[in-house]
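So you can see what is in the structure, the chains are spelled out below.
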Amino acid sequence: MRIAVTGTPGTGKTSATERLDTDLDVVHLNDAIREADLYTERDEARDSLVADLDAINERYADRDDVLVESHLAHHLEDVDRVIVLRCAPDVLEERLRERGTDEGADLDALEREATENAEAEALDVILGEAVRKHGQERVYEIDTTDRTPDGVATEIAAVLDGEREPSAGEVDFTEYLL
């Protein structure tokens, strides 16, 4: 089984997958990108790496029994299920601000990034990409807004165990944009 757990930064992907009790090999893709040089360049303005999606897909093409976690995981080829974690944009914005403050980030850049990610969440950007690439029948949404990381891990486990039906399009945060 090949699983992608994806979502806008701050939705709780890493926290939930670290608590997941599974026999699948859990890959934190953002770490792998850094450690295995799976990027094409460094974006100095954003202080981030530009992922090499072709290299990532090549590296994980033959891996079965794997769960890949990242805001980029939905770009993987041939996954059986895509789990998109969602969070209310205002809550997401606050999470990102708090996380950035803990890391000592540039406050102006942090504010821009938090707002940009909240707007992307309201517009269903990652959900739309996941559905276009993998089809609605393989995409599952989990709203993490009022759930603990353990609660989100339980919901992910339900998807892995076949206890949930695909649910793309059930979460709607468009009111944030009004």
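These figures come from a predicted structure and were not determined experimentally.

## Some remarks on unusual backbone geometry
- Backbone geometry at Asp37 places phi at a positive 55 degrees, although glycine is not the residue there.
- Within the element layout of this structure, Asp37 appears in the loop between helix H2 (29–35) and strand E3 (39–43).

## Details of the pattern of salt bridges
- Evaluated as defined, the whole model comprises 10 salt bridges.
- Among the salt bridges present, the one from Asp150 reaches Arg19, with a minimum N-O distance of 3.5 Å. Taken together, the residues span a long stretch of sequence, with Asp150 in helix H7 (residues 149–160) and Arg19 in the loop between helix H1 (13–18) and strand E2 (25–28) at a distance of 131 residues.
- With a relative accessible area of 48%, Asp150 lands in the partly exposed category.
- Within this structure, Arg86, Glu121, Asp124 and Glu141 form a network of salt bridges that share partners.

## Digging into the nonpolar core
- Ranked by internal contacts, the top residues of the largest apolar core, which has 21 residues, are Leu29, Ile56, Tyr60, Val68, Val82, Val84 and Val139.
- Secondary structure elements with two or more residues in this core: H2, helix H3 (53–60), strand E5 (66–69), strand E6 (81–86) and helix H6 (125–134).
- Apart from residues no more than four positions distant in its own chain, Val139 is found in contact with Val82, Val84, Leu127, Ala130, Val131, Pro166, Ser167 and Ala168.
- In this structure, Ala16, Leu85, Tyr140 and Val159 belong to the second largest nonpolar core, which totals 15 residues.

About the thresholds
- Residues numbered from 1 in each chain as written.
- Predicted model: local features only at pLDDT ≥ 70, side-chain atom pairs only at ≥ 80, totals over all residues.
- Heavy atoms only, no water.
- Helix = DSSP H or I, 4+ residues; strand = E, 2+ residues; numbered from the N terminus.
- Salt bridge = Lys/Arg side-chain N within 4 Å of Asp/Glu carboxyl O.
- Buried < 20%, exposed > 50% of the residue type's maximum accessible area, 1.4 Å probe, protein only.
- Core = buried A, V, L, I, M, F, W, Y, C linked by side-chain atoms within 4.5 Å.
- Contact = heavy atoms within 4.5 Å.

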